[in-house]
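Survey of secondary and tertiary structure
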Amino acid sequence: LSHDDGKTWEIIKGTLESDLNYTIFYKVLDGDGFVPQHRERIVIVGFDNERYGPGVSFDFDIKYPRKRAALKDILETENIDRYTLSDKLWSYLQNYAAKHKARGNGFGFGMPDLEGSSRTLSARYYKDGSEILIRQDGKNPRKLSPRECARLQGYPDEYRIVVSDTQAYKQFGNSVVVPLMTQVAKLINKKIKELE
């Protein structure tokens, strides 16, 4: 919404409304609550004016779970040693964070509270995992495993990961929060049934 002082959003909005003749509804939604991750994304729902007419109304009445998910709930306990940071990488990340902190910047690694939520998982997570690191007793911190990243986006454990770790990190970093989008889809489905 704020990219390029809002100009990007105005182009998107204008294209959908004027060029494509949609009535649109939009809201910034956070996946936190469904999953233990702050992941704010703009969600746009549009209704074709030729099909539904211009008077459609829509509300993002999202029903969040009563019990908030915690990061500890998505963590694996077995076969995680391979995700432990090497001494070299851990030293680099600490020095990088210290250098930026001295300059007054907020860049650096993140080690979230396991009782709370993480930062947003990015598609670059495969590089060093710096935005979400898990503390380990007596060892360097570790990255999340691909399965943990899947869980962080709300994928069920039955979801098969059939690509390399690098590709899995990229795919999950680019994903939407599945249970949140499921809620939005249900609201759209309900509205379409009302309109038809």
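Below, the structure is looked at part by part. Note that the structure is predicted; figures quoted are calculated from it, not measured.

The rules we used
- Residues numbered from 1 in each chain as written.
- Predicted model: local features only at pLDDT ≥ 70, side-chain atom pairs only at ≥ 80, totals over all residues.
- Heavy atoms only, no water.
- Helix = DSSP H or I, 4+ residues; strand = E, 2+ residues; numbered from the N terminus.
- Pairing = 2+ DSSP bridges.
- Contact = heavy atoms within 4.5 Å.
- Phe/Tyr/Trp six-rings, centres within 6.5 Å; stacked < 30°, edge-to-face > 60°.
- Buried < 20%, exposed > 50% of the residue type's maximum accessible area, 1.4 Å probe, protein only.
- Lys NZ or Arg CZ within 6 Å of the ring centre and 35° of its normal.
- 1 Å grid on protein atoms, 1.4 Å probe; cavity = no way out; pocket = protein on both sides within 12 Å on 5 of 7 lines; lining within 4 Å.
- Points joined across faces, edges and corners; volume = space filled by probe spheres on them.
- Nonpolar A, V, L, I, M, F, W, Y, C, P; charged D, E, K, R; others polar.
- Arc of directions from axis to C-beta.

1. A word on unusual backbone geometry
With phi around 55°, Asp-4 is a residue other than glycine that occupies positive phi space. Structurally, Asp-4 is set in the segment before helix 1 (7-19).

2. With respect to the pairing of strand 4 (residues 139-142)
With two bridges joining them, strand 3 (residues 134-136) and strand 4 adopt antiparallel strand pairing. Within the sheet, the bridge partner assigned to Gln-136 lies in strand 4 and is Lys-139. Hairpin connection from strand 3 to strand 4: two residues lie between these consecutive antiparallel strands, with Gly-138 at a positive phi of about 70°.

3. Quick look at the environment of Gly-53
Looking at where Gly-53 falls in the secondary structure, it is placed in the loop between helix 2 (49-52) and helix 3 (87-102). It is 9.9 Å that separates the C-alpha atoms of Gly-53 and Asn-21, two residues lying 32 residues apart in sequence. For Gly-53, the contacting residues outside a window of four places in its chain are Thr-23 and Asp-48.

4. Side note on the packing of aromatic side chains
If you walk through the whole model with that rule in mind, you get 13 aromatic pairs. Ring geometry for Phe-47 against Phe-58: centres 5.9 Å apart, planes inclined by 50°, an arrangement best described as tilted. Residue Phe-47 is found in strand 2 (residues 40-48), and its partner Phe-58 is found in the loop between helix 2 and helix 3; the two are separated by 11 residues along the sequence. Of the two residues examined, Phe-47 and Phe-58, each falls in the buried class. Connected via pairs of aromatic rings, a cluster forms that spans Phe-25, Phe-47, Tyr-52, Phe-58 and Phe-60. A cation over a ring is seen here: Lys-170 above Tyr-126, with NZ or CZ 4.9 Å from the ring centre.

5. Observations regarding the environment of Thr-77
The topology assignment puts Thr-77 in the loop between helix 2 and helix 3. Using a relative accessible area of 71% as the deciding quantity, one classes Thr-77 as exposed. A sequence separation of 21 residues divides Thr-77 from Val-56, and the C-alpha atoms of the two residues are 49 Å apart.

6. With respect to the layout of surface pockets
Estimated volume of the largest pocket: approximately 160 Å³. If you go around the largest pocket, you meet 12 residues; those closest to its centre are Tyr-96, Gly-108, Arg-124, Asp-128 and Ser-130. Ranked by the residues each element gives to the lining of the largest pocket, the list is headed by helix 3, at three residues. When the residues that make up the lining of the largest pocket are grouped by side-chain class, the tally is five nonpolar, three polar and four charged.

7. So, helix 6 (residues 165-173)
Of the positions making up helix 6, those classed as buried are Ala-168, Tyr-169, Phe-172 and Gly-173. Buried positions in helix 6, seen along its axis, are confined to an arc of 125° and lie on one side of it. Summarising the contacts, the buried residues of helix 6 are in contact with helix 4 (125-128) and helix 5 (146-152).

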